Amino acid sequence: MSEATTNPVQQLFDLTHRVAIVTGGAGLLGYHHGAILTAAGAHVVLLDLASAFPQRRAEQLTNEHGIQCLGIDADITSEASLLEARDSILRQFGRIDILINNAANNPKVEDGDRQTWSRLENFPLDIWEADIRVGLTGAFLCSRVFGSEMVARKSGVIINVASDLGLIAPDQRLYRVDGLADNEQPVKPVTYSIVKTGLIGLTRYLATYWSESNIRVNAISPGGVLNGQPEIFLNRLHQLIPMGRMANRDEYQGAILFLCSDASSYMTGTNLVVDGGRTCW
């Protein structure tokens, strides 16, 4: 798309020349968030740990869409690392228009060395602190560092990626293992719900705090994404979702593009729920 575009639908979703940052951008959903923004014309910056190879993933976006993208190794829990990333982005593109706070730890039931590790009574304090630091402190720091640049230009969009589990509690029956006592059953760890709920609160705070600076801040609460989960888990979960299935990894792209573009120009402080209807029940 170009500046000469006259189609009003294309104009609403056109992100030509805008610069969008996606944290956790080399991961399962982060890359797809970046891909739809690049397809709409944006220069996308994928921020991620070096072990996730964000430069390689950014090159894939550039090769696919013919628009210059950038991958940066960064630790979102370090303000110094973020300031260095900000300076690199400004040297490369001269502006920052969009921030998607997507990065988060997502401890899984099967990650521990014993089934009871995830239960509240046993949940390790170091994992609690690490999850909060990445999911909440990281989003706060990214918003402060990159959002302040938007404030200076009086224009910008921030999207916080929350979850349906920021609105409802995990249904721990999904993780039950036959034959185990109740106090031995694995559960969805507490930190995921805490982080995602906190992001919705951060969204409302920033939306009102920066409203006079023309910064729109919204959240998206997606449901689960199909990613090789066990069949017994899928069969249980599908019964809780009116659409009867989990999302495919590209099914949040439309909502992401909507929230980042002028199509949502009168939305701020909102949590857009895209969960196949799960929170209806």
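Counting restarts for each chain, with residues numbered from 1 along the sequence as it is written. Thresholds applied to this predicted model are a pLDDT of at least 70 for local features of residues and 80 or more for the giving and counting of side-chain atom pairs; totals over whole chains, interfaces and linings are not thresholded and use all residues. Processing note: side-chain calculations cover all non-hydrogen atoms of the structure and skip hydrogens and water entirely.

**Regarding the pattern of salt bridges**
When a carboxyl oxygen of Asp or Glu is within 4 Å of a side-chain nitrogen of Lys or Arg, the pair counts as a salt bridge. Within this structure, the stated rule accounts for 10 salt bridges. Salt-bridge contacts for Arg173 lead to Asp171; the nearest nitrogen and oxygen are separated by 2.7 Å. Burial classification: accessible surface area is computed with a 1.4 Å probe over protein chains only, and a residue below 20% of its type maximum counts as buried, one above 50% as exposed, and the rest as partly exposed. Overall, Arg173 belongs to the exposed group, its relative accessible area being 57%. A relative accessible area of 16% means that Asp171 is categorised as buried. Look at the salt bridges and you will find they share partners, linking Arg95, Asp97 and Arg153 into a network.

**Re the layout of surface pockets**
For cavity detection a 1 Å grid was placed over the protein atoms alone, and a set of points counts as a cavity when a 1.4 Å probe fits there but cannot get out; an open set counts as a pocket when protein lies on both sides within 12 Å along at least five of seven lines, with lining residues being those that have an atom within 4 Å of a point. Grid points are joined across faces, edges and corners, and a volume is the space filled by probe spheres set on the points. Its boundaries defined by the atoms lining it, the second largest pocket holds a volume of some 190 Å³. Among the residues forming the lining of the second largest pocket, the class breakdown is three nonpolar, five polar and five charged. We call Asp, Glu, Lys and Arg charged. Ala, Val, Leu, Ile, Met, Phe, Trp, Tyr, Cys and Pro are nonpolar, and the rest, Gly among them, are polar.

**Side note on the environment of Ala207**
Per the convention used, a helix needs a DSSP run of H or I reaching at least four residues, while a strand needs a run of E reaching at least two, with both numbered from the N terminus. Inspection of the secondary structure puts Ala207 in helix α6 (residues 190-209). For Ala207 and Asn218, which are 11 residues apart along the polypeptide, the C-alpha to C-alpha distance reads 7.3 Å. Contacts are assigned to residue pairs that have any heavy atoms within 4.5 Å of one another. Those residues in contact with Ala207, other than ones at most four positions away along the chain, are Val217, Thr268 and Gly269.

**Focus: the packing of helix α2 (residues 30-39) against helix α8 (residues 253-260)**
Look at α2 against α8: their axes get within 9 Å of each other, and the N-to-C directions meet at 55°. The angle between α2 and α8 places the two elements in the oblique class. α8 is crossed by α2, and the crossing has right-handed handedness. Between α2 and α8, the residues in contact are His32, His33, Ala35, Ile36 and Leu37 and Gln253, Ile256, Leu257 and Cys260, respectively. With axes taken as lines fitted to C-alpha atoms, and helix axes fitted only over the stretch in contact, angles between N-to-C directions fall between 0 and 180 degrees. These descriptions rest on fixed angle ranges, namely under 35 degrees for roughly parallel, over 145 for roughly antiparallel, 65 to 115 for roughly perpendicular, and the rest for oblique. By definition, turning the near helix anticlockwise from the far helix through less than a right angle yields a left-handed crossing, and turning it clockwise yields a right-handed one.

**Considerations on the environment of Thr23**
Locating Thr23 in the fold gives a position in strand β1 (residues 19-23). Note: C-alpha distance between Thr23 and Gly138 (115 residues apart in sequence) is 9.2 Å.

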